[in-house]
Amino acid sequence: SFERLDRQFAGSSWANNMGLALAEVYYEISEYGRAAAEIERRLPNMQGEARDRAIFLLAESYNQTRNSDGAIVNYRHFTEGDTISPYFERALYGLAWNYHHEGAWQWAADNFSMVRDSGHESLAGESAYYVGTNLRLAEDAAGSISAYQQFLSNFKGHRLADHGWYELGIVFYEERQWQSAR
């Protein structure tokens, strides 16, 4: 129905003030390409908090469609400047995953580290685990061991703790630290 109203009253102040409602609906029903297109169409007329929300939703939409270039550019809107933005930690997290998917393991680890260090309630533990994972992929065994140990020390009950113990054992094994691998 938002689509019909938007077409019927195209160009009106009412339609312009509808803001992100249609894009958010598209996003919620997993129509990420349509969400991105709708945001891009409305973005030039947005400002302030609504614009920030639109840019973040655009980054998330690009992330869902694996358009890393678009996602990275829009996540950086929040990570290269305004660290007090309510989107800062989530943008770092999204940026970390895009770097991970692009094979930029060290950059992914760096961004996951910043999320871990932020103490974000729902993202810090998972980010701590993925610091170790990305350092291992970057062939930094010592950094990976340290990151996994830090994760296991600080997030004992986390849902990824068993995976952390397993990965730590694998890195120890690969480094021929047999006793530690046990």
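Note that the structure is a prediction, hence the values are computed from the model and not measured.

### Here we look at the overall build of the protein
- The helix and strand inventory of the protein stands at twelve helices and zero strands.
- The order of helices and strands in the protein, counted from the N terminus, is α-α-α-α-α-α-α-α-α-α-α-α.
- Within the protein, buried positions represent 47% of all 182 residues.
- A fraction of 40% describes how many contacts in the protein between residues 6 or more apart in sequence connect residues 24 or more apart.

### Structural notes on the packing of aromatic side chains
- Counted by the stated rule, this structure contains 16 aromatic pairs.
- Ring geometry for Y93 versus F112: centroids 5.8 Å apart, planes at 75°, classification edge-to-face. With a gap of 19 residues between them, Y93 in helix 7 (residues 88-101) and F112 in helix 8 (residues 105-118) connect regions that are remote in the sequence. With respect to burial, Y93 and F112 carry one shared label: buried.
- Among the aromatic residues, those joined into a ring-pair cluster are Y93, W97, F112, Y129, Y130, Y148, F151 and F155.

### Quick look at the environment of D69
- Relative to the helices and strands, D69 resides in helix 6 (residues 68-79).
- Note on D69: relative accessible area 60%, which makes it exposed.
- Expressed as a C-alpha distance, the spacing of D69 and A59, which sit ten residues apart in the sequence, is 9.6 Å.

Rules behind the numbers
- Residues numbered from 1 in each chain as written.
- Predicted model: local features only at pLDDT ≥ 70, side-chain atom pairs only at ≥ 80, totals over all residues.
- Heavy atoms only, no water.
- Helix = DSSP H or I, 4+ residues; strand = E, 2+ residues; numbered from the N terminus.
- Buried < 20%, exposed > 50% of the residue type's maximum accessible area, 1.4 Å probe, protein only.
- Contact = heavy atoms within 4.5 Å.
- Phe/Tyr/Trp six-rings, centres within 6.5 Å; stacked < 30°, edge-to-face > 60°.

Any functional reading would require information that these geometric values do not contain.
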